[in-house]
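Listed here are the chains, written in short residue letters.
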Amino acid sequence: MELNTIEQKQHAHVMIDLLGPEKLTAVVSLLEVMLDPVARALVHAPLEDEEISAEEEQAVAEAREWFKANPGIPFEQVVAELGFTMEEVKNYRDPA
């Protein structure tokens, strides 16, 4: 029987929970090697620990309300309005 993705993840979690410390370290190392660089960076990124202010909460609430009545602006349109092409955006390399 073939497992779907959710079942596979649940099965993996059960097996990981059964591993001893030395095997867990090996599995974590393997998983990190398998991830692409962006995913790996996200795994190691610090958790957000800054408090969200009442003003920020209000701004988010206002933005959500706005989107209920207004469509978003397509990214391609924003790029064009800024005078760039999608090709330039896709091929951008940080000079640093």
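All values reported here derive from a predicted model rather than from experimental measurement.

Turning to a nonpolar patch on the surface, a few remarks are in order. The grouping of Ile16, Leu24, Val28, Leu30, Leu31 and Met34 at the surface amounts to a nonpolar patch, some 510 Å² of accessible area in total. Per element, the largest residue contribution to the nonpolar patch is 5 residues, and it comes from helix α2 (residues 21–34). Along the chain, Ile16 falls in helix α1 (residues 5–18). Residue Ile16 is classed as partly exposed on the basis of its relative accessible area of 30%.

The way to describe two aromatic rings as a pair is by their centre distance and the angle between their planes. In the structure shown here, the tally under the stated rule is 1 aromatic pair. On the basis of an interplanar angle of 90° and a centroid distance of 5.0 Å, the ring pair of Trp66 and Phe67 is categorised as edge-to-face.

Rules behind the numbers
Residues numbered from 1 in each chain as written. Predicted model: local features only at pLDDT ≥ 70, side-chain atom pairs only at ≥ 80, totals over all residues. Heavy atoms only, no water. Patch = residues over 30% accessible without salt bridge, like charges linked within 9 Å, V, L, I, M, F, W, Y side chains within 5 Å. Areas by Shrake-Rupley, 256 points an atom, 1.4 Å probe, with all protein chains shown as cover. Salt bridge = Lys/Arg side-chain N within 4 Å of Asp/Glu carboxyl O. Helix = DSSP H or I, 4+ residues; strand = E, 2+ residues; numbered from the N terminus. Buried < 20%, exposed > 50% of the residue type's maximum accessible area, 1.4 Å probe, protein only. Phe/Tyr/Trp six-rings, centres within 6.5 Å; stacked < 30°, edge-to-face > 60°.

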